[in-house]
Structure formats: C-alpha cells, structure tokens
Amino acid sequence: MTGLSVLMLSRYGRLGASSRLRFLAYLPALRDAGFRVTEAPLLDDEYLRRLYGGGPADRRRIAAAYARRVAALRASRRHDLVWLEKEALPWLPFAAEAAAGLGRVPYVMDIDDAWFERYAGHRLAPVRALLGGKFATLARNARIVLAGNPYLADWARGAGCPDVRLLPTVVDPARYPLLPFPGTSDGPATVGWIGSPSTARYLGMVGGALARLGTAVRLRVIGASEATLPAPLPVPAACVPWREESETEELGHVDIGIMPLPDSPWERGKCGYKLIQYMAAGRPVVASPVGVNTSLVRHGVNGFLAEGEDAWADALGRLAADSELRARMGAAGRRLVEERYALPVTAPQLAAALRDGAGPRP
C-alpha cells in the first residue's frame, strides 16, 4: 500500500520529547516511503515553555488547542489512518473522544510512558471513576498499539489490544559524533544527567553516592536549572539549558551518564531514552535496575546497574578511576544503539505498523 494518508495526532510540537522522538523524527522516512502525513499537534511549544518555566497555564490557549483537536478529529474521515500519541483529548473520557470522531477510521496508538497510571492512580476518586479505564479502552479499540518497552506492551495486551508491537524510543546515530572524553586518568570525571526539569528530582537518589566520591567526580545537569534540582543536593552541579541543536555537543562534556529511578509503576513505564543518548555518544552508563533499564544496560559491558548508595558509589567510583574502562564500555553502548536503537532500524517497523493498521481488520 502506497500513498497512505495519515493524520498524526501528536501531543506536542518539537519541544515535547515524546512527540519529537516518536513522531516528528520519523516524518522524513515516512514521506520518503510514500506516506502522506498531516501533522495536528495538540499543544504547541509555547505551552511547554510556560510549563517548564513555572508559569501559569494559559487557559484560553489550551481551550483553543482543544478546539483545533476536535476539528481534526471531525475531519479524520479524510484520512486512511489516525496515528495517535497516547490519547486525543487529555482529561476527557473516551466517550468524548469517540463523539468527536476518534475511531471513525482505524487508529494506531503510541504509548511511551505509563500514562494509564496517571488516571487509575489519581488521588481524586471522581477522576479515577471517570478516567481510570480510559487508556485500556483506547488500547482495546486501537488496531495496533506501539509500546515503547515490554512493560507497556504487557499492559496493552492485558487491556485487550489484539496487536501490540514494541517500538523503542531511538536516536539517529549520525547526530551523535563520538567526541573525546573530557576527563583524564588523574582528574575528576564528569557525571552527567540529561532530562526535563520535572524529572530532575530523581537526582536526589544519587546525592549521597556522589558526595562520597568527593573531588573524584563533578556533576553536569543538562535540561534543568538549580531551582528544579532536589534540595538538598550535597554536591555542586553545573546546570546548562537543553537545546535540541546543542544536546549532542553537551553530552560530549560528560564522562559517565546516569539514570536513577525509583521502582514504582510510573517509572517502570519509562523507555530509557537518556541511556540510549548516553550510549549513542559513546558514554558508559550507570542506572537503577528499573523497567527497561535492565534490558538497555548490560551490566559490566556497557555500564552498571546500581541499587542503593553503596552500589552507586562503587559503580561511579570504578568508572571515574578508569578512563580505559569508560572508553571500552562507551564503545559497547554505541554498538548496541547502532544495532537496535537507531532510527534507520525502527523506521521500517513503524511504516509496516501504519500500513497494517490501515488495512482490513484481521
């Protein structure tokens, strides 16, 4: 099937990581393959700038965004397929989405976080009652669910989706030049973290381990400010803003990439993207053994899995003290990315899923 018309209902524009990586990054390959993709994001970049900056929500802007989304859903019959990021109308029940037009043509649902937990585990009983089963209904009615990791895939199968396919969040390795390590065998190693301001709170989990290493390491935080770091963080941190055009260069200032996470339902749904970024840049990693991290990190090969302060201090200390170990593990991580977590590898898989999703129901 060629010339497939796809309505792309992403949640955000380029500033939203999930939309940029799981939707927008694939557009050149899809269009080269003959797909006709119409972009219809729900929330624009200005919404995220205000959110990340701690500003109040612009209710009129959000209302206008919902009106545009409803109009897109009503016009969905002009397309062969809807390619949906998570849900069509957040905080509204599935019945409202269906009334607006979701399901009039087949849809493929993409999920890269445990968003079902946000509703099912909400502190307010009315939200749980109204929306707790929404994501399961979305998955059950989708032709295909594209899940970012096995945890999410298992959830989608349990929800009743007849066709669930793994599609990890990946990088284009060509954007990640293998830059020299900044640290030396006799100087401090730079421990790096990249992410959004809302997830910088996880750095508090490794503060004690970093403090124990003293002057052997320094911390570099990409994407969060000092105001968003957990307090107290017992080590100084150099904070730099995230920019799409400079993120790969910033990773070149890092010797070791880290991803601490608590073992809870929301975190088990994460897709480990920052680990893939570190490895694409040829950096060794240290991560909590939570969710997909246990698949990405080959303990002792491309990094270490660490649980608890002692394990974190040991792993970071070993890497900080041994530049050859950092280089060897970094090279192993880069090979893994090129083999399994690269855009040229997954683009044909996505194209096949979209074609199958638009075809006759089995």
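Look above for the structure.
Presented here is a report on the structure given in the accompanying data block. Just so it is clear, the model here is predicted, and its values are computed rather than measured.

**Concerning the pattern of salt bridges**
Okay, so step 1: Under the criterion given, the structure shown has 21 salt bridges.
Okay, so step 2: Across the pair E247 and R175 runs a salt bridge whose closest N-O atoms are separated by 3.4 Å. Highlighted residues: E247 in helix α11 (residues 247–251) and R175 in the loop between β6 (164–166) and β7 (189–194), separated in sequence by 72 residues.
Okay, so step 3: According to the relative accessible area criterion, R175 is partly exposed, its value standing at 33%.
Okay, so step 4: Residues E309 and R212 are paired through a salt bridge, measuring 3.1 Å at the closest nitrogen-oxygen approach. On the criterion of sequence distance, the pair formed by E309 in helix α15 (residues 309–321) and R212 in helix α10 (residues 207–213) is long-range, its members being 97 residues apart.

**A few points about the sheet that holds strand β9 (residues 237–240)**
Strand-to-strand pairing in sheets goes through backbone hydrogen bonds, with the strands running parallel or antiparallel.
Okay, so step 1: As summarised here, the arrangement of the six strands in space is β9-β8-β7-β10-β11-β12, forming an open sheet in which the pairing is parallel. Single-partner strands in this sheet number two, and they are β9 and β12 (303–305). Sheet twist, expressed as the average angle between the axes of neighbouring strands with direction ignored, equals 20 degrees.
Okay, so step 2: Where strand β10 (residues 256–259) meets strand β11 (residues 285–287), three bridges bridge the pair, whose relative direction is parallel. Directly across from G257, in β11, lies its bridge partner V285.

**Examining the pairing of strand β1 (residues 5–9)**
Each regular strand shows side chains that alternate between the opposite faces of the sheet.
Okay, so step 1: Of all five residues making up β1, five are buried, and the element is well covered by its neighbours.
Okay, so step 2: Neither face of β1 is exposed, since S5, L7 and L9 on one face and V6 and M8 on the opposite face are all buried.
Okay, so step 3: Pairing between β1 and strand β2 (residues 36–39): four bridges, direction parallel. Bridge pairing in β2 places S5 opposite R36.
Okay, so step 4: When β1 meets strand β3 (residues 81–85), the two strands line up parallel, connected through four bridges. Bridging across to β3, L9 finds its partner in L84.

**Some details on the environment of R298**
Okay, so step 1: Position of R298 among the secondary structure elements: in the loop between α14 (293–296) and β12.
Okay, so step 2: Classification of R298 by relative accessible area gives partly exposed; the value is 37%.
Okay, so step 3: Along the backbone, R298 and A332 are 34 residues apart, and their C-alpha atoms lie at a distance of 9.2 Å.
Okay, so step 4: In this view, R298 contacts G303, L336 and R340; residues no more than four positions away in its chain are not counted.

Procedures and definitions
Going along each chain's sequence as written, the residues are numbered from 1 onward. This being a predicted model, a pLDDT of at least 70 is required before a residue's local features are given, and a value of 80 or more before pairs of side-chain atoms are given or counted; all residues contribute to the totals for chains, interfaces and linings. The side-chain figures draw on all heavy atoms in the structure; neither hydrogens nor water molecules are used. We define a salt bridge as a contact between a side-chain nitrogen of Lys or Arg and a carboxyl oxygen of Asp or Glu at a distance within 4 Å. In this description a helix means any DSSP run of H or I spanning at least four residues, a strand means any run of E spanning at least two, and both kinds are numbered starting from the N terminus. Each residue gets one of three labels from its accessible area relative to the maximum for its type: buried under 20%, exposed over 50%, partly exposed in between, using a 1.4 Å probe on protein chains only. Note on pairing: DSSP must find at least two bridges between two strands before they are called paired. Note on geometry: axes are C-alpha line fits, over the in-contact stretch for helices, and angles between N-to-C directions span 0 to 180 degrees. Every residue pair with non-hydrogen atoms within 4.5 Å of one another is taken to be in contact.

These results come straight from atomic positions and should not be treated as a statement about function.
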